[in-house]
Amino acid sequence: MFHAVVGAQYGDEGKGKMVDYFAVNADVVVRYQGGGNAGHTIVNEHGKFALHLVPSGIFNPETFCILGTGVVIHPAHLVRELRQLEDRGISTKRLIVSERAHLVLPYHVWQDAYEEEKRSRKVGTTLQGIGPAYQDKVGRYGIQIGEMIHLDSFRTRLEAAWAAKIERMPALADYGSFESMWAELVDAREVLLPHIADTLPFLMEAEQSQKHILLEGQLGIMRDLDWGVYPYVTSSSPITGGVFAGAGIPATAISRVTGITKAYTTAVGEGPFPTQLDNEIGQFLQDKGEEFGATTGRARKCGWLDLPALRMGAWLNGYTELALMKLDVLAGLEKIGVCVAYRWNGHTYSMPMPAYQLEDAEPIYEFYEGFSEDISNCRVYEELPKTARQFIEALEADLQIPIRYISVGPNRDQTIIRNEVVSLGK
Ligand code: GDP
């Protein structure tokens, strides 16, 4: 059984917590796209962890974790992450890396810095080389991680790739030498070799033996290369569509899709963000929600929930259920706003438009009564204040998707499960 967990907003929705939660019953967790540039924060019985590349299933000693073909991997960064986990007693033996996943090479990191510096309109990249690695993959200059296995041919490949790179971008030669790059890669290779494999037979076998397989994305629909706020997007497809290529499974395989959304919206970096609140409420959400990036430490912009983005995600991702995260953060607000549509150029839009329109779109809000109680100890739906339930049920009625999980704190147990979701009709 394949179960996809996808971000319904701009990323940082709390996917890490929910994947960690679902991974308790999962046999395999697969990361299907992205690189080590974003992070999941996970709080469980082992402590607090910031994961960048390793799937959140790593904490369950029974679960296999796969980095799929659609992921790009910086070898030294992956090694650092594995060492940090091992140092804290978490075994990383069950990590399998697809031999077809592409490498993020040191020169991709240099290229990221060089290109962002030169851009007049900044993309807001995390400068970790992810975009350039995907560019090389698409441009057919990339190197797959499986090519590291044979050291001599790997060196020949890397020499050729580096020569081609500096021919196209001579300025990169000033950033570092081939030999320093090579030494770093040879070190990392030693640690990574036992993890590199063909993941296809493994997943086919897992499916045939009825295993529970979780598919974990990075970022969210509004950063999708095709459907997000281009060009302020990531270089891969976080949407469910990205799963098939990035994990390597057939379109008919997925039976469950959980969309993860906060009860409000956050975004980091550049680009349009129509529901941003540049006022004391935005500040309240940032402070109370501790909205700072797990990898970069960058402050996240905060605003009201954006229903058009959730609607687009419902169509593109095929959510069978939603998890509403960080509801506890809203406690203390007198009113809770929800953007129900945008206005742009005299027209009303119920789903996000391309970035050039969204940039000056005006959000249309509806307001719900807030709640003042601390809800972080609630474990049953009926314990939530009535106004919180009204807010949740209004979202469900609009989206026509059950909100099956409600998260009221970062810990795994701070999660309300609704087995009977009956509030769908208007
Ligand atoms: P991800 O990339 O989608 O996994 O999201 P992040 O991990 O970057 O951001 C989510 C942050 O919110 C993390 O620090 C989590 O520990 C925290 N978090 C997750 N769920 C909740 C919740 O329901 N309430 C609160 N207060 N924090 C939460």
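The model shown is predicted, which means the values in this text are computed figures rather than measured ones. (Residues numbered from 1 in each chain as written. Predicted model: local features only at pLDDT ≥ 70, side-chain atom pairs only at ≥ 80, totals over all residues. Heavy atoms only, no water.)

Caption draft 1: Broad picture of the overall build of the protein chain. When helices and strands are tallied, the protein chain shows 12 helices and 20 strands. Taking 22 Å as the expected radius of gyration for a compact globule of 426 residues, we find that the protein chain reaches 22 Å, a close match to that expectation. Along the longest, intermediate and shortest principal axes, the C-alpha atoms of the protein chain span 65 × 50 × 40 Å. Within the protein chain, the fraction of its 426 residues that count as buried is 56%. Long-range pairs, those at least 24 residues apart, make up 75% of the contacts in the protein chain with a sequence separation of at least 6. A distance of 1 Å separates the average location of the 40 positive side-chain charges in the protein chain from that of its 54 negative side-chain charges. (Helix = DSSP H or I, 4+ residues; strand = E, 2+ residues; numbered from the N terminus. Rg over C-alpha atoms; globule rule 2.2 N^0.38 Å. Buried < 20%, exposed > 50% of the residue type's maximum accessible area, 1.4 Å probe, protein only. Contact = heavy atoms within 4.5 Å. Lys, Arg positive; Asp, Glu negative; His and termini not counted. Charge placed at Lys NZ, Arg CZ, Asp CG, Glu CD.)

Caption draft 2: The arrangement of the packing of aromatic side chains in detail. Counted under the stated rule, the structure contains 16 aromatic pairs. Ring centres 6.4 Å apart and planes at 90 degrees place the aromatic pair Trp 344 and Tyr 356 in the edge-to-face group. Taken together, the positions of Trp 344 in strand β16 (residues 335-344) and Tyr 356 in helix α11 (residues 355-358) put the pair 12 residues apart, joining distant regions of the chain. Judged by its relative accessible area of 55%, Tyr 356 falls in the exposed class. Feature note: the residues Tyr 21, Phe 22 and Tyr 405 constitute an aromatic cluster, connected by ring pairs. A cation over an aromatic ring shows up here: Arg 94 above the ring of Phe 64, its NZ or CZ 4.8 Å from the ring centre. Cation over ring: Arg 168 sits above Tyr 141, and NZ or CZ is 3.5 Å from the ring centre. (Phe/Tyr/Trp six-rings, centres within 6.5 Å; stacked < 30°, edge-to-face > 60°. Lys NZ or Arg CZ within 6 Å of the ring centre and 35° of its normal.)

Caption draft 3: Spatial organisation of helix α3 (residues 106-118). Between its terminal C-alpha atoms α3 stretches 19 Å, which fits the 18 Å expected from 13 residues at 1.5 Å a residue. Of the residues making up α3, those classed as buried are Pro 106, Tyr 107, His 108, Trp 110, Gln 111, Asp 112, Glu 115 and Glu 116. Among the structural elements, β8 (102-103), α4 (130-139), α5 (151-168) and α6 (178-192) are those in contact with the buried residues of α3. (Expected span 1.5 Å × (residues − 1).)

Caption draft 4: Quick look at the pattern of salt bridges. Across all of its chains, the model carries 18 salt bridges by this definition. The closest approach of N and O atoms between Glu 147 and Arg 157, which form a salt bridge, is 2.5 Å. Placement of Glu 147 in the loop between α4 and α5 and of Arg 157 in helix α5 is noted, with a sequence separation of 10 residues between them. Among the residues examined, Glu 147 registers a relative accessible area of 23% and is labelled partly exposed. Between Lys 326 and Glu 291 there is a salt bridge, and its shortest N-O distance comes to 3.0 Å. (Salt bridge = Lys/Arg side-chain N within 4 Å of Asp/Glu carboxyl O.)

Caption draft 5: Quick peek at the sheet that holds strand β19 (residues 403-407). The strand order across the open sheet formed by 10 strands is β9-β7-β5-β2-β10-β1-β11-β15-β19-β20, and the pairing between neighbours is mixed. The two strands at the open ends of the sheet, each matched to only one other strand, are β9 (196-197) and β20 (415-417). With 3 bridges connecting them, strand β15 (residues 321-325) and β19 associate as parallel partners. Bridging from a neighbouring strand, Ala 323 pairs with Tyr 405 of β19. (Pairing = 2+ DSSP bridges.)

Caption draft 6: Spotlight on the nonpolar core. By size, the foremost hydrophobic cluster in this structure holds 55 residues, and its most contacted members are Leu 215, Leu 327, Leu 330, Leu 384, Phe 391, Ile 392 and Ile 406. The element contributing the most residues to this core is helix α12 (residues 386-399), with 5 residues. Setting aside chain neighbours within four positions, we find Phe 391 in contact with Ala 263, Leu 305, Leu 324, Leu 327, Leu 330, Ile 336, Val 338 and Tyr 368. In terms of nonpolar packing, the next biggest core, distinct from the first, is built from 39 residues, Leu 78, Val 79, Met 148 and Met 181 among them. (Core = buried A, V, L, I, M, F, W, Y, C linked by side-chain atoms within 4.5 Å.)

Caption draft 7: Molecular detail of the pairing of strand β11 (residues 254-262). Among the 9 residues in β11, 8 count as buried, and that is most of the element. Across 6 bridges, strand β1 (residues 2-7) lies against β11 in parallel orientation. Along β11, the bridge assignment pairs Phe 2 with Ile 254.

Caption draft 8: Representation of the environment of Ser 177 within the structure. Tracing the backbone shows Ser 177 in the loop between α5 and α6. Ser 177 gets classed as partly exposed once you look at its relative accessible area, which sits at 36%. Along the primary structure Ser 177 and Tyr 107 are separated by 70 residues, whereas in three dimensions their C-alpha atoms are 9.4 Å apart.

Caption draft 9: Structural context of the side chain of Asp 224. Inspection of the secondary structure puts Asp 224 in the loop between β10 (213-220) and α8 (240-248). In terms of polar contacts, Asp 224 uses its side chain to reach the backbone amide nitrogen of Asp 226, at 2.9 Å. Apart from residues no more than four positions distant in its own chain, Asp 224 is found in contact with Val 233, Ser 236, Ser 237, Pro 238 and Ile 239. (Polar contact = N/O pair within 3.5 Å; in protein donor to acceptor, adjacent residues only side chain to side chain.)

Caption draft 10: Summary view of the pairing of strand β4 (residues 47-51). As judged from the 5 bridges shared by strand β3 (residues 40-44) and β4, these two strands associate in the antiparallel manner. In the strand pairing of β4, Asn 44 is matched with Gly 47. The turn joining β3 and β4, which pair antiparallel and follow one another in sequence, is formed by 2 residues.

Caption draft 11: Layout of helix α9 (residues 280-288). Among the residues of α9, Gly 282, Leu 285 and Gln 286 are the ones counted as buried. Buried positions in α9, seen along its axis, are confined to an arc of 95 degrees and lie on one side of it. Where α9 begins, the side chain of Asn 279 points an oxygen toward the backbone nitrogen of Ile 281, at a separation of 2.9 Å. Note on α9: the residue one or two positions beyond its end, Glu 290, has a positive phi of about 45 degrees. (Arc of directions from axis to C-beta.)

Caption draft 12: View of the site of the ligand. Around the ligand sit 18 residues in total, of which Lys 15, Gly 16, His 40, Thr 41 and Ser 407 are the nearest. A distance of 3.1 Å separates an oxygen atom of the ligand from a polar side-chain atom of Arg 300. For the ligand, whose free accessible area comes to 580 Å², the fraction covered by protein is 91%. Breaking the shell around the ligand down by element, the ones donating at least two residues are α1 (15-23) and β3. Considering every element that reaches the shell around the ligand, the biggest residue donor is α1, with 3 residues. (Near = heavy atom within 4 Å. Areas by Shrake-Rupley, 256 points an atom, 1.4 Å probe, with all protein chains shown as cover.)

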